[in-house]
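Commentary on secondary and tertiary structure
Chain by chain, the residues:
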Amino acid sequence: MASDSRMVALGFGKFARADRIFALERITGEERGDGRRTRVWIDGVTDPLIASRTEITILRDMGQESAVTAPELDEAMDLAARLAAAAEEGRVDLSDLGRRARRLLAATTP
């Protein structure tokens, strides 16, 4: 992914050379949490390391800005999906949706 030998923090004191990382996988569902965000495959290491940082953050640290979709767009799409699902079920948590919308707006507004 990257062509230099810069070190990338994976969290909890784990580091990897950016040019040795060849795959990242977002951890989802029940497996995610408690410092478990991303599986990181490193050249020469058999099993993936578990990073406490997100794949987006790791990609940015590796200098792969173009590979990263704007996190604000991901957040907006997630917010829209949650609102649509909650509306269909007849329950809308306005406090949670309002908090997330304010955070999203703050991230995209100077």
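In the block above lies the structure referred to throughout.
Now for a description of the structure that goes with this document. Note that the coordinates shown come from a computational prediction; the quantities given were computed from them, not determined experimentally.

The next thing to look at is the overall build of the chain. The number of helices and strands found in the chain is three helices and five strands. Mapped in sequence order, the helices and strands of the chain form the string β-β-β-β-β-α-α-α. Taken over 110 residues, the chain has a buried fraction of 26%. Contacts spanning at least 24 positions in sequence make up 31% of the contacts within the chain whose residues lie at least 6 apart. Only carbon and sulfur atoms are counted for the fraction: they give 53% of the accessible area of the chain, which is about 7,200 Å².

All right, on to a nonpolar patch on the surface then. A cluster of nonpolar side chains, contributed by Leu83, Val92 and Leu94, occupies part of the molecular surface with about 280 Å² of accessible area. Following the sequence through the fold, Leu83 ends up in helix 2 (residues 71-88). On the accessibility criterion, Leu83 (40% relative accessible area) is partly exposed.

Reading the values: the criteria
Residues numbered from 1 in each chain as written. Predicted model: local features only at pLDDT ≥ 70, side-chain atom pairs only at ≥ 80, totals over all residues. Heavy atoms only, no water. Helix = DSSP H or I, 4+ residues; strand = E, 2+ residues; numbered from the N terminus. Buried < 20%, exposed > 50% of the residue type's maximum accessible area, 1.4 Å probe, protein only. Contact = heavy atoms within 4.5 Å. Areas by Shrake-Rupley, 256 points an atom, 1.4 Å probe, with all protein chains shown as cover. Patch = residues over 30% accessible without salt bridge, like charges linked within 9 Å, V, L, I, M, F, W, Y side chains within 5 Å. Salt bridge = Lys/Arg side-chain N within 4 Å of Asp/Glu carboxyl O.

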